Amino acid sequence: MDRDQRRQLHSALLVAAPWLAATELGPQAVDAGRCDACDERPRLLPTCGTAGAAALCRDCAFAAGDDGWCSGHRDDGREARRWAAALPDRWADIVLLWWIATGEVRVSSADQIAREGLPVDVLALLPPP
Ligand SMILES: [Zn+2]
Ligand SMILES: [Zn+2]
């Protein structure tokens with residue numbers, strides 16, 4: 001994918017998944033990469049809890065609960081988890097695609113993503129598997 005194709009993917013993702021536009025939560029708020037707790041799913045929420053994790057995936061943020069945030073940020077943490085709870089089931093794939101679009105993650109990472117069920121406008125822009 002060249003720069004232009006990545007830009008197109010970026011736009012298509014914002015239309016298909018407007019929640020990506022958030023800058024204090026979601027993939028724009030954390031360093032691209034896997035969750036600090038499970039090292040499996042993508043990072044989604046910045047955290048500041050006593051456990052020392054910097055960013056967690058949705059499941060791990062739910063599992064951490066209030067402990068994922070310091071006492072001064074408990075309310076922010078609850079709001080972050082509410083926000084995350086409303087995301088579609090494919091959130092992890094969409095986050096990975098977002099980082100591909102921004103150039104933070106290699107295009108080849110798209111090979112791990114099941115194509116079925118992705119928004120058609122997004123699917124059309126992905127390189128063939
Ligand atoms: Zn996790
Ligand atoms: Zn805090």
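Residues numbered from 1 in each chain as written. Chains lettered and ligands numbered in written order. Predicted model: local features only at pLDDT ≥ 70, side-chain atom pairs only at ≥ 80, totals over all residues.

Student: Would you mind going over the domain arrangement of the protein with me for this structure?
Tutor: Accessible area lost when the parts come together is the quantity often used to give the size of an interface. Once the domains are mapped, the protein shows domain 1 (1–17 + 88–129) and domain 2 (22–87). Its C-alpha centre places domain 1 at a distance of 22 Å from the equivalent point of domain 2. Each side of the interface is counted separately: domain 1 has nine residues, and domain 2 has seven residues. Class assignment of the residues belonging to the side of domain 1 that touches domain 2 gives a composition of eight nonpolar, no polar and one charged. (Domains from an automatic or database assignment. Contact = placed C-beta atoms within 7 Å. Nonpolar A, V, L, I, M, F, W, Y, C, P; charged D, E, K, R; others polar.)

Student: Teacher, can you tell me more about the packing of helix α1 (residues 3–16) against helix α4 (residues 91–102) here?
Tutor: In a pair of packed helices, the angle between the axes and the distance between the axes together describe the arrangement. Relative to each other, α1 and α4 sit at 145 degrees, their axes nearing to 8 Å. Remark: the crossing between α1 and α4 carries left-handed chirality. Within the contact between the two elements, α1 uses Arg6, Leu9, His10 and Leu13 and α4 uses Ile94, Leu97, Trp98, Ile100, Ala101 and Thr102. Class assignment for the residues of the contact of α1 with α4 results in seven nonpolar, two polar and one charged. (Axes fitted to C-alpha atoms, helices over the stretch in contact; angles between N-to-C directions. Helix = DSSP H or I, 4+ residues; strand = E, 2+ residues; numbered from the N terminus. Left-handed = near helix turned anticlockwise from the far one by under 90°.)

Student: Looking at this model, I keep getting lost on the environment of Val107. Mind explaining?
Tutor: Structurally, Val107 can be placed in the loop between α4 and α5 (120–123). Filtering out sequence-adjacent residues up to four positions away, Val107 remains in contact with Met1, Ile100 and Pro127.

Student: Even after reading the chapter, I still don't get α1, so can you show me in this structure?
Tutor: An α-helical turn contains 3.6 residues, so any two residues separated by three or four positions project in the same direction. The end-to-end C-alpha distance of α1, which contains 14 residues, comes to 20 Å, matching closely the 20 Å that a straight helix rising 1.5 Å per residue would cover. Residues of α1 that are buried include every one of Leu9, Ala12 and Leu13, and no others. When α1 is viewed along its axis, its buried side chains cluster within an angular range of 100 degrees and face the same direction. The outward face of α1, more than 90 degrees from its buried face, is lined by the exposed residues Arg3, Asp4, Ser11 and Val15. On its buried face, α1 is in contact with α4 and α5. (Expected span 1.5 Å × (residues − 1). Buried ≥ 20, exposed ≤ 12 C-beta atoms within 10 Å, placed from the backbone. Arc of directions from axis to C-beta.)

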